Amino acid sequence: MATGLQLPPPLLMGLLLFLCVGPWTEGGKVLVVPMEGSHWLSMREVVKELHARGHQAVVLSPEATLHVKEEDYFTLKTYAIPFTQEEFQYLMLGHIDLVFERAHFLKTFLNSIVILKNVSSVYQKSCEELVHNQDLIRHLNASAFDVVLTDPVYPCGAVLAQYLSLPAVFFLRAIPCDFDSEGTQCPNPSSYIPRLLTRNSDHMTFLQRVKNMLYPLALKYICHVSLSPYARLASELLQREMSLVDVFGYASVWLFRGDFVLDYPRPIMPNMVFIGGINCANRKPLSQELGEVEKPSGGIGASSCCSHPLMVLSDRDWRWAPAAGASGGFGAGCGCEQVRVWQWV
Ligand SMILES: *[C@@H]1O[C@H](CO)[C@@H](O)[C@H](O)[C@H]1NC(C)=O
Ligand SMILES: *[C@@H]1O[C@H](CO)[C@@H](O)[C@H](O)[C@H]1NC(C)=O
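Residues numbered from 1 in each chain as written. Chains lettered and ligands numbered in written order. Predicted model: local features only at pLDDT ≥ 70, side-chain atom pairs only at ≥ 80, totals over all residues. Heavy atoms only, no water.

- The protein chain is annotated in an unreviewed UniProt entry as glucuronosyltransferase of Myotis brandtii.
- Under the UniProt heading Sequence similarities (unreviewed entry), the entry covering the protein chain gives this text: "Belongs to the UDP-glycosyltransferase family."
- Regarding the protein chain, the relevant UniProt record gives this comment under Subcellular location (unreviewed entry): "Membrane". (UniProt positions renumbered as here; feature names shortened; annotations may be inferred.)

Structure follows, in structure tokens:
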């Protein structure tokens with residue numbers, strides 16, 4: 001029966017507004033475990049927005065950092081790692097140019113593996129220091145966070161979230177080795193979805209489909225080198241056998257910084273959300289120099305987002321095109337240290 005309490009509309013509106021801003025609608029407490037480098041530049045925008053909406057964010061970072069710096073919209077909590085700032089910087093960036101050298105594919109691949117091993121070992125050792133730092137863990141455990149927001153490229157935040165029994169939200173561009181589809185039990189057919197580095201499109205011949213099935217095997221090796229320590233760490237902390245799929249499968253929500261314009265469409269699960277463009281929140285107009293690059297090439301698009309600092313695109317398949325002034329002039333408009341021009345051929 002609709003004969004209950006009848007409130008005049010203005011009073012009802014007032015009551016609703018009061019309910020919305022009442023003291024019991026306090027913001028949540030978010031523990032942010034970021035990834036260094038350009039990854040942080042995108043996540044920082046999210047943390048800023050969380051703060052603007054009344055949530056409280058604590059950003060967890062090693063004492064040595066590249067980009068993670070104190071800001072007034074979050075609390076920075078640092079932990080000691082077995083590297084000085086100089087060592088950290090050298091191991092992370094010292095040889096990065098080797099990856100972009102125009103050398104034989106095999107040489108580039110081997111160089112990349114050495115760098116990856118070094119970088120992975122820095123993250124692994126830092127993560128071990130973090131989870132074995134009893135004072136810090138006790139403090140975090142007592143802080144009653146509501147959620148962990150983390151970039152899972154190295155899944156330290158994912159392990160920590162599970163250790164502290166907090167739900168985890170992943171924020172990422174992409175993850176190699178199909179851990180997203182395995183972790184969420186999402187269909188992922190090789191015959192339709194072009195794999196990383198294959199340069200295949202979503203229309204494949206039989207041989208391309210074979211290549212599409214073989215490439216992931218090499219990537220699995222790389223993932224094994226760089227990620228298996230986290231499965232061991234999770235097993236040790238949680239005192240049960242944990243696989244990498246268990247570590248990645250823990251996420252409640254996956255926020256992908258992509259969309260089906262930049263990437264080919266694929267099946268997704270309801271907890272996979274595409275938020276492409278968020279890394280461009282801080283966009284600046286193209287520099288005059290880049291405008292010049294863009295014009296004569298016909299049909300080439302360009303984007304200068306800080307997260308992947310600078311891209312020149314004409315199709316989905318890309319290669320690195322070191323353009324004149326790539327390390328100086330183009331960067332100026334973007335405010336990024338790391339600037340590359342990619343030409344999509
Ligand atoms: C890898 O790390 C070692 C020290 O741990 C260093 O001597 C070497 O130069 C590094 N190599 C690369 C390619 O980063
Ligand atoms: C966090 O605190 C709870 C309750 O005191 C305790 O049961 C749990 O073991 C603690 N977790 C960690 C990782 O220390």
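**Structural notes on the site of ligand 1**
Then, in step 1: Neighbouring residues of ligand 1: Tyr-90, Leu-91, His-95, Val-114, Ile-115 and Asn-118.
Then, in step 2: The separation between an oxygen atom of ligand 1 and a polar side-chain atom of Tyr-90 is 3.3 Å.
Then, in step 3: Within the side chain of Asn-118, a nitrogen or oxygen atom sits 2.3 Å from an oxygen atom of ligand 1.
Then, in step 4: At the level of elements, α3 (85–93) and α5 (105–131) are the ones that each hand at least two residues to the shell around ligand 1.
Then, in step 5: Examining the composition of the shell around ligand 1, we find that three residues originate from one element, α5, more than from any other.
Then, in step 6: Taken together, the residues of the shell around ligand 1 sort by class into four nonpolar, two polar and no charged. (Near = heavy atom within 4 Å. Polar contact = N/O pair within 3.5 Å; in protein donor to acceptor, adjacent residues only side chain to side chain. Helix = DSSP H or I, 4+ residues; strand = E, 2+ residues; numbered from the N terminus. Nonpolar A, V, L, I, M, F, W, Y, C, P; charged D, E, K, R; others polar.)

**Focus: the pattern of salt bridges**
Once the charged atoms of two side chains with opposite charge are near each other, the side chains can pair.
Then, in step 1: Applying the stated criterion to the full structure yields seven salt bridges.
Then, in step 2: Among the salt bridges present, the one from Arg-195 reaches Asp-178, with a minimum N-O distance of 3.9 Å. In this pair, Arg-195 is assigned in the loop between α8 (179–184) and α9 (206–238) and Asp-178 in the loop between β5 (168–172) and α8, connecting sequence segments 17 residues apart.
Then, in step 3: Looking at Arg-195, the relative accessible area reads 10%, which means it is buried.
Then, in step 4: Among the residues examined, Asp-178 registers a relative accessible area of 22% and is labelled partly exposed.
Then, in step 5: The shortest N-O distance in the salt bridge between Arg-266 and Asp-180 comes to 3.3 Å. Note that Arg-266 is positioned in the loop between β6 (253–256) and β7 (272–274) and Asp-180 in helix α8, a separation of 86 residues in sequence.
Then, in step 6: Its relative accessible area of 21% is what places Arg-266 among the partly exposed residues. (Salt bridge = Lys/Arg side-chain N within 4 Å of Asp/Glu carboxyl O. Buried < 20%, exposed > 50% of the residue type's maximum accessible area, 1.4 Å probe, protein only.)

**Some remarks on empty space enclosed by the protein**
Then, in step 1: Inspection of the entire model under this criterion finds three cavities of 30 Å³ or more.
Then, in step 2: Of the volumes computed, that of the largest cavity is approximately 220 Å³.
Then, in step 3: Those elements that place two or more of their residues in the lining of the largest cavity are β2 (56–62), α5 and α7 (156–163).
Then, in step 4: Grouping the constituent residues of the lining of the largest cavity by class yields twelve nonpolar, four polar and two charged. (1 Å grid on protein atoms, 1.4 Å probe; cavity = no way out; pocket = protein on both sides within 12 Å on 5 of 7 lines; lining within 4 Å. Points joined across faces, edges and corners; volume = space filled by probe spheres on them.)

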